[in-house]
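Breakdown of the fold
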Amino acid sequence: SLPAKLINGGIAGLIGVTCVFPIDLAKTRLQNQQNGQRMYASLSDCLIKTIRSEGYFGMYRGAAVNLTLVTPEKAIKLAANDFFRHHLSKDGKKLTLLREMLAGCGAGTCQVIVTTPMEMLKIQLQDAGRIAAQKKLMAAQAQLSSSPAAAAAEPAVEARTTATQITRELLRSKGIAGLYKGLGATLLRDVPFSIVYFPLFANLNKLGQKDPNVKAPFYVSFLSGCVAGSTAAVAVNPCDVIKTRLQSLQRGVNEDTYSGILDCTKKIWQREGPTAFFKGAYCRALVIAPLFGIAQVVYFIGIAEFLLDMLPKRRA
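If you're wondering where the values come from, they're calculated on a predicted model, not measured in any experiment. (Residues numbered from 1 in each chain as written. Predicted model: local features only at pLDDT ≥ 70, side-chain atom pairs only at ≥ 80, totals over all residues. Heavy atoms only, no water.)

With respect to the pattern of salt bridges
Pairing between side chains of opposite charge can happen when the charged atoms of each approach one another. Overall, the coordinates contain 18 salt bridges when judged by the stated rule. The residue Asp 45 makes a salt bridge to Lys 49 at a minimum N-O spacing of 3.2 Å. Placement of the pair is Asp 45 and Lys 49 together in helix α2 (residues 43-54), with a separation of 4 residues, close to one helical turn. In this structure Lys 49 comes out as partly exposed when scored by relative accessible area, which is 33%. Ionic contacts of the salt-bridge type, sharing partners, join the residues Asp 24, Lys 27, Glu 119, Lys 122, Arg 189, Asp 190, Asp 240 and Lys 243 into one network. (Salt bridge = Lys/Arg side-chain N within 4 Å of Asp/Glu carboxyl O. Helix = DSSP H or I, 4+ residues; strand = E, 2+ residues; numbered from the N terminus. Buried < 20%, exposed > 50% of the residue type's maximum accessible area, 1.4 Å probe, protein only.)

Right, here's the structure in full:
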């Protein structure tokens, strides 16, 4: 039933996000740093520096927003794909690849209603630590060059901005449109992602089905979700980089600003080179693979059956 699908999709999203959020934070920070202002060399370097400067829970900045909104996002995405697949099938016959892609397209379009404001708020909170660290470093260098004694002074502690404060400010200054900044870039990422992901997952999952009327084993669904998710994630990473840059409200020192998708694409290509479009690609693959692997297991098996399988069975 639809309510069961929505509940399973929501729980799947919560479990997946909790597991992979630190890697997602590293992905955002790696994608946002520009040439000449690099704070982090790699995924591990980003996580180590984050823990040192912000503590263990610094890796979960923005997690509350994601955990709050990922339930409706994943529920809409998975349920919408099922809805479109059902209505595109003819008399229960196997869907053609084109129809599977159309169903994925519909699912990706529906999910941006929740995805855009969620990503918008999450990115501000995830990237705040990078910008603060960059400002601190620049200030320390400036003080050291002018006065070594001043450089030894304890730097002022910056007040942390919350998602509620950002939301209120955006609504006050720009209205509801403020929360949907980067909507076009989000569509540009999520629609192709769903077009690649859902048909690929469905066909990989079928390989593990001994009978078309019997569900594939949970490990097959998990591996299918991982492979399909990581493949789709890397394929659309250039769109994710553009979306992340456009949705960042604050910039580091001497970093570019962008007026739109074309302007962002042009500046990244000219100033950072084509490889910049794949910044954080391996991080995104590491995030999406287990996220969708877990999501598909919980969603397709159902949370009740999944939990029962994990519990030791009592013998009569």
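Considering empty space enclosed by the protein
What the rule picks out here adds up to 1 cavity of 30 Å³ or more. Estimates place the volume of the largest cavity at around 270 Å³. Those elements that place two or more of their residues in the lining of the largest cavity are α1 (2-32), α3 (63-88), α4 (97-146), α7 (183-207) and α11 (281-301). Residues that form the lining of the largest cavity fall into these classes: 10 nonpolar, 2 polar and 10 charged. (1 Å grid on protein atoms, 1.4 Å probe; cavity = no way out; pocket = protein on both sides within 12 Å on 5 of 7 lines; lining within 4 Å. Points joined across faces, edges and corners; volume = space filled by probe spheres on them. Nonpolar A, V, L, I, M, F, W, Y, C, P; charged D, E, K, R; others polar.)

Focus: α2
Here α2 spans 16 Å end to end across 12 residues, near enough to the 16 Å set by a 1.5 Å rise per residue. Buried residues of α2: Leu 43, Asp 45, Cys 46, Leu 47, Thr 50 and Glu 54, and no others. Immediately downstream of α2, the backbone of Gly 55 shows phi near 85°, a positive value. (Expected span 1.5 Å × (residues − 1).)

Examining the packing of aromatic side chains
The full count for this structure, using the stated rule, is 8 aromatic pairs. With a centroid separation of 5.7 Å and an interplanar angle of 10°, the aromatic rings of Phe 193 and Tyr 197 are classed as stacked. A residue pair is termed a helical-turn pair when its members lie 3 or 4 positions apart in one helix, as Phe 193 and Tyr 197 do in helix α7 at 4 residues. There is no split in this pair, since Phe 193 and Tyr 197 are both buried. Both rings, one in Tyr 197 and one in Phe 201, keep their centres 6.1 Å apart while their planes meet at 15°; by these two values the pair is stacked. Taken together, the positions of Tyr 197 and Phe 201, both in helix α7 and 4 residues apart, correspond to about one turn of that helix. Accessibility classification places Tyr 197 together with Phe 201 in one group, the buried group. Through successive ring pairs, a cluster of aromatic residues spans Phe 21, Tyr 56, Phe 57 and Tyr 60. (Phe/Tyr/Trp six-rings, centres within 6.5 Å; stacked < 30°, edge-to-face > 60°.)

With respect to the packing of α3 against α7
Closest axis-to-axis distance for the α3/α7 pair is 12 Å, and the angle between their directions is 70°. It follows that α3 is roughly perpendicular to α7 by the angle criterion. Seen from α3, the contacting residues are Lys 77, Leu 78, Asn 81 and Arg 85; seen from α7, they are Phe 193, Ser 194, Phe 198 and Ala 202. Within the contact of α3 with α7, the residues separate by chemical class into 4 nonpolar, 2 polar and 2 charged. (Axes fitted to C-alpha atoms, helices over the stretch in contact; angles between N-to-C directions. Parallel < 35°, antiparallel > 145°, perpendicular 65-115°, else oblique. Contact = heavy atoms within 4.5 Å.)

Looking at the side chain of Gln 124
By the element assignment, Gln 124 lies in helix α4. Here Met 120 takes part through its backbone oxygen, which lies 2.7 Å from a polar atom of the side chain of Gln 124. Within the local environment of Gln 124, its side chain forms a polar contact with the backbone nitrogen of Leu 249, the two atoms lying 2.9 Å apart. Ignoring sequence-local partners within four residues, the contact set of Gln 124 consists of Ile 166, Gln 247, Ser 248, Leu 249 and Gln 250. (Polar contact = N/O pair within 3.5 Å; in protein donor to acceptor, adjacent residues only side chain to side chain.)

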